[in-house]
Amino acid sequence: MSSSDPRPLIASDISKEQAPTDGVTPGGVQSVDRAITVLEVLARTGGSTVTEVAAELGVHKSTASRLLGALEVRGLVHHPSDGSPYQLGFGILRLAHAIPGRLSVVAEAHDEVRGLARTHSETVNLAVLREGHAVNVDQEMGPSSVATHDWIGSLTPLHATASGKVLLAGLPSDERVRILRAQGMPALTARTITSRKQLERQLIDVAAQGYATVCEEFEIGLNSVAVPVRDHLGTVIASISVSGPAFRFTEEKMADLVEDLKEAGERVSKRMGYVPVDKPE
């Protein structure tokens, strides 16, 4: 395009003009990729300096500074006047505002639920918290499943199920106490935990390790393991569980699939907008 060309310069023109001769990555696409990476870095760290952003991207500080400046103009990045590290700007909220309402945890988790059932040959459920119970909202039975019970829509107790314990562990302590007082902790089998203090100690472990296991606490002959699903705020909004008959789905087998189950929960959480924040060492 010549300098006398009356047409406005558009993104496609820029990409063509800036494309490297080796044809690996067009300049425009590379800039977009870097800008997105900057936002992901700030979301993960909570705030970073130009030097830190440059190191994350593997670019010169001047390049990182230009990217941050462009994002700041759009309100996607904020640089406090006191010179503190760059942070995500409120412009992010403008873009994200319409997304949560369109996201359905059932839709986002369905492929993972189905995949887990096929891989591990057991029943997989997706549950959410409703009125003091865990409500199963999606289910897939594996090829080896012997149970035929359809758990979708079923209310299950929080204190005696793996899904319920994951959901309880994600609640503020005062909300957890309120629910347990209202619903009680009845013994459903000889292995059901009915002591509030014992359950609270267990929930601390659940929150720390990122999963819960239950062996015949809800029903004799039924074992299960569950992990959390989080939303864009980091709130536990659902749980994914794998369950099976105790004679086959043993504690050892549950331990073997925990990492696979946790990875599935993390993938669904990511689709729901969750970005893990690095913990300080």
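Just so we're clear, the structure is a prediction, and the values are computed from it rather than from any experiment.

## Focus on the pattern of salt bridges
- On inspection of all chains with the given rule, the structure shows 11 salt bridges.
- Between Arg 176 and Glu 200 there is a salt bridge, with its nearest N and O atoms 3.2 Å apart. With Arg 176 in helix H8 (residues 173–183) and Glu 200 in helix H9 (residues 196–209), this residue pair connects regions lying 24 residues apart in the sequence.
- A salt bridge links Lys 262 to Glu 259, with the shortest nitrogen-to-oxygen separation between them at 4.0 Å. Of this pair, Lys 262 and Glu 259 both sit in helix H10 (residues 251–271), separated by 3 residues, roughly a single helical turn.
- Connected via shared salt-bridge partners are Glu 112, Arg 267 and Arg 271.

## Things to note about the environment of Gly 75
- Relative to the helices and strands, Gly 75 resides in the loop between helix H4 (61–73) and strand S1 (77–78).
- Remark: the alpha-carbon pair of Gly 75 and Leu 88, spanning 13 residues in sequence, is separated by 8.4 Å.
- Apart from residues lying up to four places away in sequence, Gly 75 is in contact with Gly 89, Phe 90, Gly 91 and Ile 92.

## Thoughts on unusual backbone geometry
- The backbone phi angle of Ser 121 is positive, close to 60 degrees, even though this residue is not glycine.
- Given the relative accessible area of 18%, Ser 121 is considered buried.

## Here we look at the confidence of the model for the protein chain
- Here the protein chain averages 83 in pLDDT, and 82% of its residues register 70 or above.
- In this model residues 1–25 is a low-confidence stretch, pLDDT under 50, and it forms 17 contacts with partners more than four residues away in sequence or in other chains.

Basis of the calculations
Residues numbered from 1 in each chain as written. Predicted model: local features only at pLDDT ≥ 70, side-chain atom pairs only at ≥ 80, totals over all residues. Heavy atoms only, no water. Salt bridge = Lys/Arg side-chain N within 4 Å of Asp/Glu carboxyl O. Helix = DSSP H or I, 4+ residues; strand = E, 2+ residues; numbered from the N terminus. Contact = heavy atoms within 4.5 Å. Buried < 20%, exposed > 50% of the residue type's maximum accessible area, 1.4 Å probe, protein only. pLDDT = per-residue confidence, 0-100.

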